[in-house]
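Summary of structural features
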Amino acid sequence: MTTPSVLHFRDVGIGDVPTVGGKGASLGELLRAGIRVPPGFAVTTAAFRQTVEHLTVHGEPIPVRVAALDPTDADGLAAATAEVRAVLESAPPPEEVARAVTAAYAELCEECGDPTLPVAVRSSATSEDSAEASFAGLQDTYLWVRGAESVLEHVRRCWASLYSVESVTYRLRRGVPETDLGMAVVVQRMVDARSSGVMFTRSPLSGDKSVVAIDASWGLGSAVVSGDVTPDSFVVSKVTGEMKRTVAAKTRWHRPDPSGYGVVETDVPAELQDQPSISDDEIAELVATARRVEAHYRCPQDIEWAVDDAGEVFLLQSRPETVWADKDRAAKAAPAARPFDHVFNLLGGKRPSEG
Amino acid sequence: MPERSFPLPSQIEAVPGAEGWEAMYPYFSRFQPEDDQRFWFYNSMHFPEVMPAFDAITSEIPYTAIGANTARLFSFPTTLGIEYRIINGRVYITANPVLDEAEQGKRFAHFQERAGHYYGNWDRIYGEWQQRIEALIADIEAVEVPELGDLDPLEVVTGGRGIASNHYVRENFHRCIDLYSKMWHHHTELLMLGYGAYVVFFEFCKQAFPEMGDQMVARMVAGMDVTMYRPDDELKKLARLAVELDLADLFVEGTEPAKVLSALGERGDAGARWLAALEAAKDPWFNVSVGDGFYHHHLSWADDLTVPFAALPRYVEQIAAGEDLTRPTERLAEERDRIAAEYRALLDTEDEKGAFDQMLGLCRLVFPYIESHKFYCEHWFTTRFFQKIRAFGALLAERGVLLEADDVFHLRHVEVEDALADVMLAWASGGTELGARHWQPIVAERKRILETLSGWSPPPALGAVPEALNDPAVKMLWGITQETIETWLGGEDDDGSTVRGYAASPGVVEGIARVLLNVNDIGQIREGEVLVCPVTAPSWGPVFGKIAAAVSDIGGTMSHAAIVAREYGMPAVVGTGVATTRIKTGDRVRVDGDRGVVTVVG
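Residues numbered from 1 in each chain as written. Chains lettered and ligands numbered in written order. Predicted model: local features only at pLDDT ≥ 70, side-chain atom pairs only at ≥ 80, totals over all residues.

1. Remarks on the overall build of chain B
Looking only at helices and strands, one finds 19 helices and 12 strands in chain B. In terms of overall size, chain B behaves like a compact globule, its C-alpha atoms giving a radius of gyration of 25 Å where 602 residues would be expected to give roughly 25 Å. Referenced to the eigenvectors of the C-alpha coordinate spread, the extents of chain B come out at roughly 80 × 65 × 55 Å. Expressed as a percentage of its 602 residues, the buried residues of chain B come to 48%. Sequence-distant contacts in chain B: of pairs separated by 6 or more residues, those separated by 24 or more amount to 71%. (Helix = DSSP H or I, 4+ residues; strand = E, 2+ residues; numbered from the N terminus. Rg over C-alpha atoms; globule rule 2.2 N^0.38 Å. Buried ≥ 20, exposed ≤ 12 C-beta atoms within 10 Å, placed from the backbone. Contact = placed C-beta atoms within 7 Å.)

The following block contains the structure:
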C-alpha cells in the first residue's frame, strides 16, 4: 500500500510521525483529543521521496547525486547542494504530487470560505535528532501564504532546506543514508492572530510541574519564537489558579503584510505596548487547554498557540517538553522509617557516616 | 571589589539627645567590640518599636528560654541559641551555629533521642503542655499585690503566719517574673520542634515545586479549629446578638467604645443582655494583645476596647444585611485537602508521595501547638503579666515613688525590685520612701530618651555579611534567607518607589496607604485602605475585613497574620524591611501579593 501525497489532520494521529512528521502527527492527535486546531493537511514524506527521486541533477536522481558527494570538499559541496536546491525549488514536482497538494488546498479554501485562503506552511520533521533538525532548517515556517501556486512553492522551499551545506555535510559525516531521508510539510489555515505565543505545562525555568507558564505577545507567534519581543509572562498554578503576572513593554510585532501576502515586523501601537496581550479569560482557557493536552499525552508539553480577533483560542502545535525530562530522573525523596526521621535528616548537620 | 558589609555596630552614631540610653538595659545586652565581626539583624518582627526599660524583659527572658531548649534540652545539632544586643533601644539578634562537625555528630545522637521522644509522643505531650500553661495562667492570675495598711490584718497574727505583708511585695513581684520565665520555657519547649517539621515539609515542597508560593505550604497544613480565631468568632457572635436584640443602630464606625457602652446602658434589658454577653466573651477571649505581647503598651482588647469596637460596626452591618460570617470551616478544610491532594498527584513517584504524606502528616501533628500557643503565651498569659506589673506600679504610685502606675515600665525589672524594697522599708520603719526623688527624674528622662530614639531608623542588619544563612529558626521565624540579605545589601538601587517583600497572600490591589507605627492606632484604619505597619498582629484579624491589603516591615509567610489575610482573600506583602519608612499615609500604593511587591503610584 502506498502512502498518499497528502493526508488531512483529521486522518492522522501520533503514530503517523513517519509519514506526516512530528507537527502533522501532533495536530492530528490534538484534533482527536478534541482540541481546537486550525484545519489543514500534511504533505507526506512519500510526496517528498517521490519528488526527490523524480527530479534529477546532471541526470542523476537527487538522493544518488547527494550520496556521492565528498564531505571534505567544501567548495564542491557548496556548488552541488546549491544545484540540488535550485532544482527542487524551480523544477516542477511530479504531476501527482502537485495535483494532490493543489486539490487539498482548494478543499481547505472551500471549507473555510476563502478562495485564496491564507495558510501557514511549516516543515514537519520525522527525526527526533534536534541537531539534525537545526541543520536541516526543519524549523522552517512560512506564514500568510496564499494561492495554490504559492503553497506549492513554499512546500518545495521547505524540502530544499534539507539540502543546505550544513545539513548534507552532517548526514554524510554521520553516514545517514539519503534513502532514509524524510520530511513532511504541514499546510494550515492561518489564524489571524490578535495575540499568540508559547506555553509549557511545567515551568521552563524551574521544571515545576504544578504550573502552566505562558508567554504571550501581540500579533503572530513568530515574534515570540524569534525573540523579537519580550513577551508578557503568566505563570499559573494548576492547583489554585493563582498567577504570577509580568506584563512587558511589547514594542514589536509580526503582522500579515498589508498586501495580504507574507509577514512584516513593525512597531506595536504605543497604546497597546503596555497592555496585557491576553485577557484573564483567555489565560484561563489556555491553561485548561494545556492541561487537557498534557493529560492526553501523559507528559509535560511545549505548546504554540494563537488567539484570533474573536477571542478564539487555537493550538498550532504541541510536543513533549524535553529539557527537564532528564532532570526528573534525579534522586528523589523517599519515605523514612518514622515521619520525624525527615527532621533528623534535614537538621542533623554533617555526620561521620557521610564522610 | 570592596568587601560587602552592613554598618558595623561600633560605627552606629549616637542619636543626639538620647545619650545615656544604655542605662535602660542590662549590661549583657550591649554590643561589644568583637561583635563587629558577626552578623546581626534587627528583630523588628517581635520588637518593632523602641524598648521601654521594663519591656526589655521580653527579649531577655525569651532568649534565655529558647536557647535553653535548642542548645541544652534538645541538643539541636547545628544551632545553639540566639544572642541579642540592644542599640538605640532596638533589639538585634544572631544565631549561634555549631560549625564543628564532630560536635554536630555528638549533638545529633542526643537530638535523636530527645527530639524523638517528643515527636513520638507529641499528642500526649501537647495535651500535658496545655494543662501546664493553663496552670501557669491560673498562677499569674492569683498573684496578689499586698495591701500595706496601717496595721496588717488581725488574721496575719492569729493565723500564725509570722510574716508581715511587706515581705510579699517583693516575693509576689518576683513570682510574676518567675512565672513569666516559666511561660517562656514552655513556649519554646515545642516551638523549634514544631518549626522543624515545617522546615522539612517546606524544603521538600520548594524542591518539588519551585514555583509554589510560600503560603501554599501553610495552606496545606492549616487546621480549622484554631484558638487564635476564637476572639474574632466571639466578636461576630456579639455582632449577631446586637442585630437580634435590635441594637444595631448603636454600632457606627468611628464611635468611641465608651459612648457605645453608655448608650447600651440606656437600652434597658436588651442593652443589659448584650453587655453581659460582652463580659462573658472577654474572659479569656479578649486577652489578645493588639501587638504580639512584647510591649506593655500594646494593650489587650480587654484593656482597651478600641480594636474590637472598630470591627463591630462592619460585622453588625454585614449580619443585618443577611450575610453569614461564620468561618466556612468545612469548605476551608475541603479546599486544604484538595490542594494537598493535587500537589501530591503531581509528584513523580510513589516514594515521593510516601515522603510527602509523612512530612505533611508531621506538620499537621504539630500544627495545633504552632497556631494555638500564641494565644496562651503571648496573649492570655502576657496580658495578665503586664496587668500584674501595672498593679505593682499602682502600688509604687500610691506610695509616692512613681507619679503614675505605668511609670513602672520605665524601670528595669531589677530596678523595680529596688523601688519595692524602698516601699517595704518605709512601711516597716514608718519613714518615707526615698524613691520619688530618685526614680521620678529617671522616669522622665527615659521617657524623653524613648521619644528621641523612636525617630531613629534602625538598619535591617549590622556587621559582617554571613557566608551562608541556614539556621532553621532564623528562616522559619523571621523569614530571613540569603535573598533577604541580598535585598538589604542592594537596598539603594531603586528610586524608592518600590518595596519588596514576601508574597504572603495573593492578589493585586490599589489603595490609599495608612501607615500605623503605633499598633494602638489600629482603630483608625478605614474601609478600603491599605494597612502599612511594622508587623501585623494576629489580633488585627477583625479589621482585615475592611482593609484592601496589608503590608508589613517584617514577618514570614507562615505567620498567623498571613494565614488570616489569605482567609480574608486580601493581598498581603510581609517582610519588606522598609515599608513604613518608604510609604507615607495618603500615598496611593499598588500591592502585588502574587509577587511580593509594593509600588507607590502617586
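Now, onward.
2. Overview of the overall build of chain A
Scanning chain A from terminus to terminus reveals 12 helices and 15 strands. Counting only C-alpha atoms and orienting by the principal axes, one finds that chain A spans roughly 75 × 55 × 40 Å. Within chain A, the proportion of its 355 residues that are buried is 44%. Across chain A, the fraction of contacts at a sequence separation of at least 24, relative to all contacts at a separation of at least 6, is 68%.

3. With respect to helix α4 (residues 74-90) of chain A
Residue and element names in this part refer to chain A. Its 17 residues give α4 an end-to-end C-alpha distance of 24 Å, which sits within 8% of 24 Å, the value for a rise of 1.5 Å per residue. Those residues of α4 not exposed but buried are Ala80, Thr81, Val84 and Leu88. The arc that holds the buried residues of α4, viewed along the axis, is 95 degrees, so those residues lie on one side. Turned more than 90 degrees away from the buried face of α4, the exposed residues are Asp75, Ala79 and Ser90. In this fold, the buried residues of α4 make contact with β3 (56-57), α3 (62-67), α7 (148-160) and α8 (165-174). (Expected span 1.5 Å × (residues − 1). Arc of directions from axis to C-beta.)

4. So, the nonpolar core
Most often, soluble globular proteins keep nonpolar side chains buried together rather than apart. Counting residues in hydrophobic clusters, the biggest one holds 172 residues, and the most contacted among them are Phe201(B) and Val551(B). Sort the elements by how many residues they give to this core and helix α5 (residues 165-208) of chain B lands first, with 20 residues. With 88 residues, the next largest nonpolar core counts Val211(A), Val235(A), Ile303(A) and Trp305(A) among its residues. (Core = buried A, V, L, I, M, F, W, Y, C linked by C-beta atoms within 7 Å.)

5. Structural notes on the pairing of strand β5 (residues 119-125) of chain A
Residue and element names in this part refer to chain A. Taken across its 7 residues, β5 has 7 buried, putting it largely inside the fold. Sheet topology places β5 next to strand β6 (residues 141-145); 3 bridges connect them, and they run antiparallel. Bridge assignment links arginine 122 to a residue of β6, and that residue is threonine 141. Bridge analysis of β5 against strand β7 (residues 183-189) gives 7 bridges, and the strand direction is antiparallel. Counterpart to valine 121 in the pairing with β7 is valine 187. (Pairing = 2+ DSSP bridges.)

6. Focus: the sheet that holds strand β15 (residues 313-320) of chain A
Across a sheet, paired strands are connected by hydrogen bonds in the backbone, their directions being either parallel or antiparallel. Residues and elements named next belong to chain A. Pairing in this open sheet of 6 strands is antiparallel, and the strands run β11-β10-β9-β8-β14-β15 from one edge to the other. Strand pairing shows two members of the sheet lacking a second neighbour, β11 (243-246) and β15, which therefore form its edges. Each strand of the sheet is rotated relative to its neighbour by a mean of 15 degrees, with strand direction disregarded. (Axes fitted to C-alpha atoms, helices over the stretch in contact; angles between N-to-C directions.)

7. Description of the interface of chain B and chain A
Taken together, the contact pairs 41 residues of chain B with 31 residues of chain A. Elements with a contribution of two residues or more to the side of chain B that touches chain A: α2 (101-120), α5, α11 (329-346) and α12 (350-398) of chain B. In terms of residue class, the side of chain B that touches chain A is made up of 21 nonpolar, 11 polar and 9 charged. (Nonpolar A, V, L, I, M, F, W, Y, C, P; charged D, E, K, R; others polar.)

8. A few points about helix α10 (residues 306-320) of chain B
Residue and element names in this part refer to chain B. Over its 15 residues, α10 extends 22 Å from the first C-alpha to the last, a length consistent with the 21 Å expected when each residue adds 1.5 Å. The largest bend in α10 is about 30 degrees, located at leucine 312, with the proline proline 313 one to four residues further on. Where α10 is concerned, the buried positions are Val307, Pro308, Phe309, Ala310, Ala311, Leu312, Pro313, Tyr315 and Val316. Positive phi shows up at glycine 322, right after α10, with a value of about 90 degrees. (Bend = angle between axes of the 7 residues up to and from the residue.)

9. Here's the deal with the packing of α4(A) against α7(A)
All names here are of chain A. Look at α4 against α7: their axes get within 8 Å of each other, and the N-to-C directions meet at 160 degrees. With respect to their mutual orientation, α4 and α7 come out roughly antiparallel. Between α4 and α7 the crossing geometry is right-handed. Taking contact as the criterion, the partners of Arg85, Leu88 and Glu89 in α4 are, on α7, Arg156, Arg157, Trp159 and Ala160. Among the residues forming the contact of α4 with α7, the class breakdown is 3 nonpolar, no polar and 4 charged. (Parallel < 35°, antiparallel > 145°, perpendicular 65-115°, else oblique. Left-handed = near helix turned anticlockwise from the far one by under 90°.)

10. Digging into the sheet that holds β5(A)
All names here are of chain A. Read across the open sheet, the 5 strands follow the order β1-β2-β7-β5-β6; overall the sheet is antiparallel. In this open sheet, the two strands that pair with only one neighbour each are β1 (6-8) and β6. For this sheet, the mean angle separating the axes of adjacent strands, direction not counted, is 25 degrees. Pairing of β1 with strand β2 (residues 40-43) involves 3 bridges; the strand directions are antiparallel. Each bridged residue has a counterpart across the sheet, and for histidine 8 the counterpart in β2 is phenylalanine 41.

11. Examining the environment of Pro38(A)
Residues and elements named next belong to chain A. Here proline 38 shows up in the loop between α1 (17-32) and β2. Separated by 263 residues in sequence, proline 38 and glutamine 301 have C-alpha atoms that sit 19 Å apart. The residues contacting proline 38, other than those within four sequence positions of it, are Gln188, Arg189, Val191 and Phe314.

Read these as geometric descriptors, not functional statements.
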